[in-house]
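Commentary on secondary and tertiary structure
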Amino acid sequence: MTASYVPHRMDSSGGCPHASNAALLAKGAAAEVLLPGDVPAAAVLGHEALKEFIGHPDVAKNARHFTALREGRIPDGWPLRTFATVQGMVTSDGDDHRRLRSLVSKAFTARRVEALRPGIERLTDELLDGTETAAARADDGVVDLRARFALPLPMNVISELLGVDEEFRDRLHILSNQVVATDIAPEEAVAANREMVAVLAAVAASRKGRPGEDLTSALIAAREEGGDRLGEAELIGTMIVMIIAGHETTLNLITNAVRALCAHRDQLELIRAGGADWADAVEETLRWDSPVSFFPFRYPTRDLTVDGTLIPAGTPVLAGFSAAGRDPAAHGPDADRFDITRRTRSTTRHLSLGHGAHFCLGAPLARMETTIALRRLFTRFPDLRVTVPDEELPRHRSFVGNSVRELPVVLR
């Protein structure tokens, strides 16, 4: 990388990414960065540059291309290590990626996702009942919508898909929070990863003893019937990815959409007047306030130059989804404005759910869950409002996930 350039130090404590994204984008579509532990890396932030980089034939996902990791310079307690070393479709390429993706994709066909709709609608109504009861019991009527509603909805849906018994769900959410945290201490990171593996091994053992119609049972059957089609580490790694991606992303998406609509009441009224629909609000939230800010990792397999920034082979690269979503070169001079009519006026589509071979398998499910959640939430509580200014809400302690940790609201 360029010797005269001072790399941008990624903020391990997280925070709102948009101001620093804008400053980095003003300098170029890619940037040299420092990860926790002063690990040299790069981030691709511009929309077109990121789209091209993700699909580049000389860019890989397998960590065997991660030079510092291969040379033993990444310690076990490094907070981002799991993103590189977990065995599954998000860290595989070519035939391995196609094999693993094909095993999981059967759970996310359009027909199977649509079949989940009645259950998601029932669960949404049940959670709203509980949220209303909690608000009625609170002296000030304030309830944490994230904890009461935005979290249990996707967590229960993905757990049902995977066959995760209820006794494990709360713990898995806590552990997944720790796995994606970028400010976690080394010993805590190691402990969280070990416990996550142990809990999911227990889930797998439960499903092996009592197989059902869930994805974990199907993966175990594929492993046993196909011999080496799916190894033990790949089974657990796939479950880790599904649990984290299956609820953290949708949790952030629902939370960010509610925040955005409450802060832009004109957009909420536009939906009620029929000038847009809830799906428009979901897509604009994905663009404007992506649930994932910087996703680890991709590795160039040869030296690549992106918008003037040299990225040497073997460098870990972050996909800057939150930055690309507000890139004025792609989304116009008003890219930082929340406008739910944007997708009907523009041919440029956001990248927040990925692009190409690694496009998010769960995208249709996340979109469905969030659309149902917003429609039912704001229909039932049209005057819902957030009680704390957005800038005062506690943020994720991570530059990977992009959202707040609490969402105090009054329903009426």
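Residues numbered from 1 in each chain as written. Predicted model: local features only at pLDDT ≥ 70, side-chain atom pairs only at ≥ 80, totals over all residues. Heavy atoms only, no water.

1. Side note on the nonpolar core
- Ranked by internal contacts, the top residues of the largest apolar core, which has 111 residues, are Leu35, Val258, Phe378 and Leu384.
- Excluding residues within four positions of it along the chain, Leu35 makes contact with Met10, Ala41, Trp78, Leu80, Phe297, Pro316, Leu318 and Phe399.
- Ala49, Leu50, Ile311 and Phe321 belong to the second largest nonpolar core, which has 18 residues in total. (Core = buried A, V, L, I, M, F, W, Y, C linked by side-chain atoms within 4.5 Å. Buried < 20%, exposed > 50% of the residue type's maximum accessible area, 1.4 Å probe, protein only. Contact = heavy atoms within 4.5 Å.)

2. Brief notes about the pairing of strand β2 (residues 30-35)
- Across the 6 residues that make up β2, a large majority, 6, are buried.
- Both faces of β2 are covered, namely the face carrying Ala30, Glu32 and Leu34 and the face carrying Ala31, Val33 and Leu35.
- Pairing of strand β1 (residues 8-9) with β2 involves 2 bridges; the strand directions are parallel. Looking across to β2, one finds that His8 is bridged to Val33.
- In terms of handedness, the path from β1 via helix α1 (residues 18-27) over to β2 forms a crossover that is right-handed. (Helix = DSSP H or I, 4+ residues; strand = E, 2+ residues; numbered from the N terminus. Pairing = 2+ DSSP bridges. Right-handed = clockwise from strand over helix to strand, strands pointing away.)

3. A word on the sheet that holds β1
- Within the open sheet, the 6 strands sit side by side as β1-β2-β3-β9-β6-β4. Their pairing is mixed. Only two strands of the sheet have a single neighbouring strand rather than two, namely β1 and β4 (59-60).
- Sheet analysis places β2 next to strand β3 (residues 39-44), joined by 6 bridges and oriented antiparallel. By the bridge assignment for β3, Leu35 is matched with Val39.

4. Brief notes about the sheet that holds strand β5 (residues 142-144)
- In space, the 3 strands of this open sheet follow the order β5-β11-β10, with antiparallel pairing throughout. Strand pairing shows two members of the sheet lacking a second neighbour, β5 and β10 (385-386), which therefore form its edges.
- When β5 meets strand β11 (residues 408-410), the two strands line up antiparallel, connected through 3 bridges. When the bridges of β11 are listed, Val143 appears paired with Val409.

5. Focus on the packing of aromatic side chains
- Under the defined criterion, the tally for this structure stands at 8 aromatic pairs.
- Note on Phe83 and Phe295: the rings are 6.1 Å apart at their centroids and 85° apart in plane angle, and the pair reads as edge-to-face. With a gap of 212 residues between them, Phe83 in helix α4 (residues 81-85) and Phe295 in strand β6 (residues 294-300) connect regions that are remote in the sequence.
- For Phe83, a relative accessible area of 14% translates into the label buried.
- Centre to centre, the rings of Phe297 and Tyr299 are 6.3 Å apart; their planes meet at 40°, and the pair counts as tilted. (Phe/Tyr/Trp six-rings, centres within 6.5 Å; stacked < 30°, edge-to-face > 60°.)

6. Regarding unusual backbone geometry
- In this chain, Pro296 is followed by Phe297 through a cis amide linkage whose omega measures -20°.
- With phi around 60°, Asp38 is a residue other than glycine that occupies positive phi space.
- Counting through the fold element by element, Asp38 comes out in the loop between β2 and β3.
- You can call Asp38 partly exposed: its relative accessible area is 46%.
- Positive phi values are uncommon outside glycine, yet Asp307 reaches one of about 50°.

So yeah, pure geometry; function would need other evidence.
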